[in-house]
Amino acid sequence: MLKLEVIFVRKRILFGAGVYARKYAALLEYLQMDFDYFADNDPTKWGKTLFGKEIISPSRLAEFEDCEIIISCSDKVAIRQQLYQMNLITAVRDTKEMYHLLEKKMQQDHLASHRGVCTIPEKRRGEPTIIVDMYEGLGWSGTDQWAVNLSYQLNQHGKKAYLLGRIGQTPLDEKYEQYMHRMEDKETILSIVNWYEENLPITVINNYAGSAYLAAVITKLNHPGQVKIVSVIHNDIQSLFDAHMLLSEYLDSVFCVSNEICRKMKRLYAFDEKKYFFKEQPIPVAINFEKDEKPLLRIGYAGRLACQQKRADLLPDLINELENAQINYTLQIAGDGECKYMLEKYVHQKNLQEKIQLLGRIPKEKMEGFWMNQNVFINISEFEGTSLSMLEAMAYGCVPVVTDVSGAREFITKGENGYICEIGNFSEMAHCIKELDQRRDKLRKYGQESRKRIIERCNPESYIQFWITSIV
């Protein structure tokens, strides 16, 4: 009798179907490792497909005996804790192991491509083409705004700089779009390598530690002396640090958006301290403007309406405290994202339509008018790099009332120009805002001091000159 052998195929799942999903899918493709599903905590994604793979609920992971899980999002600590509670922590494949396999394959491919070749590839002369990574971006985060502005300013100062993005991403204004090189969604890491090779020598500004970064490392191995890689650390989160530093031997420098991040990274990684850089973010400032004195305290919020990092889901908690404190205020919210519907519903249920406005995403050129109309800037994030919205608001005389995140203490001093509150302490934030409402002299004084600090420390011309002379 013929005996049939049953072959067990282990399921491989990427946990996270957000921004970083593309990077990990591309990494597995390069390693020639297929996967079966994405898992994600967002119920609105369940049943949909991403890169041809179904997105499933984490509850379904228990269906797969002896599965392998690769965490494909930035908040690895929270996901690991979730998987631990589900008794699936042993199924997690370590990111360092994945990068070890990546480096091994890159070196093998490099040796294979040069086997039997005795000549060194000809080195191209001239100024490098600067490539600013936006491949995993354009959700209009602060990182995206920073990248668009850097590329534009480099070109305005005579450098050849491209933004690297994808065809499916949001179109930019014409003055920025002219510097965008868009690749097809279906193109692989090796497709990016091919484009890099057409533009040698290159300097790659690595923002997302994703496909563009991995392609830069491969190109650097194949073309010694022709590729410079600069990692930019935009947020104060350990998993992001690790993503940039797991291949740190290929980095030429690391730029941090706050001094606090710089200090942390110097403590955490064995990387040459002379290769770390920091410069305060560039903020254009209107020379002359006046704020109208109005009886209502005008509070402004600008940012992605997201749960992760921004904690926009907790804005109702702050609003409840403002109501309890009986503050005479208006709150304008500029931004879009997953929490918008929930916030609209909350405003309607509480009958707060006359006090709270959800304005959606406001074009960059109109944000000046938005901030000129506010007295107070609020930020309730759990972590930041240095909030661009905070700096822009301060430039227009808004008093910052923010959580204690990276970058805040570099620009805000208690008793001089604003307030830094414990993360999640909305009662404290409301108390600070009430003080500003009752002490309009303090509101005016703090606003003037905030504006002065931005003018003194965030000069756009000195910023771009710093990048040109010290980094690129």
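Residues numbered from 1 in each chain as written. Predicted model: local features only at pLDDT ≥ 70, side-chain atom pairs only at ≥ 80, totals over all residues. Heavy atoms only, no water.

### A word on the overall build of the protein chain
No. 1: Helices and strands together make up the secondary structure of the protein chain, namely 17 helices and 18 strands.
No. 2: Against the compact-globule benchmark of 23 Å for 472 residues, the protein chain has a radius of gyration of 24 Å, which places it among compact chains.
No. 3: A total of 472 residues make up the protein chain; the buried ones form 54% of that total.
No. 4: For the protein chain, the share of sequence-separated contacts (at least 6 apart) that also reach a separation of at least 24 residues comes to 67%.
No. 5: On the protein chain, the mean spot of the 60 positive side-chain charges and the mean spot of the 64 negative ones are 2 Å from each other. (Helix = DSSP H or I, 4+ residues; strand = E, 2+ residues; numbered from the N terminus. Rg over C-alpha atoms; globule rule 2.2 N^0.38 Å. Buried < 20%, exposed > 50% of the residue type's maximum accessible area, 1.4 Å probe, protein only. Contact = heavy atoms within 4.5 Å. Lys, Arg positive; Asp, Glu negative; His and termini not counted. Charge placed at Lys NZ, Arg CZ, Asp CG, Glu CD.)

### Quick notes on the pairing of strand 9 (residues 202-206)
No. 1: Burial of strand 9 is extensive: five of the five residues sit out of reach of the surface.
No. 2: A two-sided burial pattern is seen for strand 9, the buried positions comprising I202, V204 and N206 on one face and T203 and I205 on the other.
No. 3: Across four bridges, the pairing between strand 6 (residues 129-133) and strand 9 is parallel. Bridge pairing in strand 9 places T129 opposite I202. (Pairing = 2+ DSSP bridges.)

### Observations regarding the sheet that holds strand 18 (residues 419-421)
No. 1: Taken in spatial order, the six strands make up an open sheet running 15-14-13-16-17-18, and their pairing is parallel. Looking along the sheet, the strands with just one partner apiece sit at the ends: strand 15 (356-360) and strand 18. Strand-to-strand twist of the sheet, defined as the mean angle between neighbouring strand axes without regard to direction, takes the value 20 degrees.
No. 2: Bridging between strand 13 (residues 297-302) and strand 14 (residues 329-334) involves six bridges; their strand directions are parallel. Of the residues in strand 14, the one forming a bridge with I299 is L331.
No. 3: Most of the contacts of helix 10 (residues 315-324) go to strand 14, to which it runs at about 170 degrees, and overall it touches strand 13, strand 14, strand 15 and strand 16 (376-379). (Axes fitted to C-alpha atoms, helices over the stretch in contact; angles between N-to-C directions.)

### What about the nonpolar core?
No. 1: Among the nonpolar cores identified, the biggest contains 114 residues, and Y196, I205, M265 and W467 are the most heavily contacted of them.
No. 2: In terms of residue count, the dominant contributor to this core is helix 7 (residues 211-222) (eight residues).
No. 3: Excluding anything up to four places from it in sequence, I205 contacts I130, I131, V132, D133, W146, L150, V230, V232, W467 and V472. (Core = buried A, V, L, I, M, F, W, Y, C linked by side-chain atoms within 4.5 Å.)

### Things to note about helix 7
Residues three or four positions apart in an α-helix share a direction because the helix packs 3.6 residues into each turn.
No. 1: When the terminal C-alpha atoms of helix 7 are compared, their 17 Å separation across 12 residues agrees well with the 16 Å that a helix rising 1.5 Å per residue should span.
No. 2: Taking burial as the measure, the 12 residues of helix 7 include 12 buried ones, the bulk of the element.
No. 3: Residues of helix 7 that are buried include every one of S211, A212, Y213, L214, A215, A216, V217, I218, T219, K220, L221 and N222, and no others. (Expected span 1.5 Å × (residues − 1).)

### Quick notes on the packing of helix 10 against helix 11 (residues 340-349)
No. 1: Contact geometry for helix 10 and helix 11: axes closest at 10 Å, N-to-C directions at 25 degrees. Between helix 10 and helix 11, the interaxial angle falls into the category roughly parallel. Of the two possible hands of crossing, helix 10 and helix 11 adopt the one that is right-handed. Between helix 10 and helix 11, the residues in contact are L315, P316, I319 and N320 and M342, L343 and Y346, respectively.
No. 2: A breakdown of the residues in the contact of helix 10 with helix 11 according to their chemical character gives six nonpolar, one polar and no charged. (Parallel < 35°, antiparallel > 145°, perpendicular 65-115°, else oblique. Left-handed = near helix turned anticlockwise from the far one by under 90°. Nonpolar A, V, L, I, M, F, W, Y, C, P; charged D, E, K, R; others polar.)

### Details of the sheet that holds strand 11 (residues 253-256)
No. 1: Here seven strands make up an open sheet; going across it, the order is 8-7-6-9-10-11-12 and the pairing parallel. The sheet is open, and its two borders are formed by strand 8 (180-183) and strand 12 (276-278), each paired with just one other strand. Between one strand axis and the next, the sheet turns through 25 degrees on average, direction left out of account.
No. 2: In this structure, strand 6 lies alongside strand 7 (residues 161-166), joined through four bridges in parallel fashion. Note that in strand 7 the partner of D133 across the bridge is L164.

### Regarding the confidence of the model for the protein chain
No. 1: A residue-level look at the protein chain finds 95% of positions with pLDDT of 70 or above and a mean pLDDT of 91.
No. 2: Confidence over residues 1-8 falls short of pLDDT 50; this stretch has two contacts with residues more than four positions distant or in other chains.
No. 3: Contacts of residues 116-121 to residues separated by more than four positions or lying in other chains number three contacts, the stretch itself having pLDDT below 50. (pLDDT = per-residue confidence, 0-100.)

### Some words on helix 2 (residues 76-85)
No. 1: Along helix 2, the residues that are buried comprise K76, I79 and L83. Projected down its long axis, helix 2 carries its buried residues within an arc of 65 degrees, all on one side. Among the exposed residues of helix 2, those pointing more than 90 degrees away from its buried face are V77, Y84 and Q85.
No. 2: N87, located one to two residues past helix 2, shows a positive phi value of around 60 degrees. (Arc of directions from axis to C-beta.)

### Quick word on the pattern of salt bridges
No. 1: Applying the stated criterion across every chain yields a total of 25 salt bridges.
No. 2: For K45, the salt bridge is made with D40, and the minimal N-O distance between the two is 3.9 Å.
No. 3: For K45, a relative accessible area of 23% gives the class partly exposed.
No. 4: Of the residues examined, D40 reaches a relative accessible area of 10% and is grouped as buried.
No. 5: The partner of R60 in a salt bridge is E63, with the nearest N and O atoms 3.3 Å apart.
No. 6: Take R60: its relative accessible area is 25%, and that puts it in the partly exposed class.
No. 7: Residue E63 is classed as exposed on the basis of its relative accessible area, which comes to 51%.
No. 8: Connected via shared salt-bridge partners are R10, R12, D66, E68, R93 and E97. (Salt bridge = Lys/Arg side-chain N within 4 Å of Asp/Glu carboxyl O.)

### Overview of the packing of aromatic side chains
No. 1: The tally for this structure, following the rule as stated, stands at 15 aromatic pairs.
No. 2: For the pair F255 and W467, a centre-to-centre distance of 4.9 Å together with 50 degrees between the ring planes defines the contact as tilted. A residue pair is termed long-range when its members are at least 10 positions apart, and F255 in strand 11 and W467 in helix 17 (residues 460-470) qualify at 212 residues. The same class applies to F255 as to W467, namely buried.
No. 3: Relative to F377, the ring of W371 has its centre 5.6 Å away and its plane inclined at 65 degrees; by these criteria the two rings are edge-to-face.
No. 4: Seen from the ring of Y30, K105 lies directly overhead, with NZ or CZ sitting 4.4 Å from the centre.
No. 5: A cation over an aromatic ring shows up here: K175 above the ring of Y152, its NZ or CZ 4.9 Å from the ring centre. (Phe/Tyr/Trp six-rings, centres within 6.5 Å; stacked < 30°, edge-to-face > 60°. Lys NZ or Arg CZ within 6 Å of the ring centre and 35° of its normal.)

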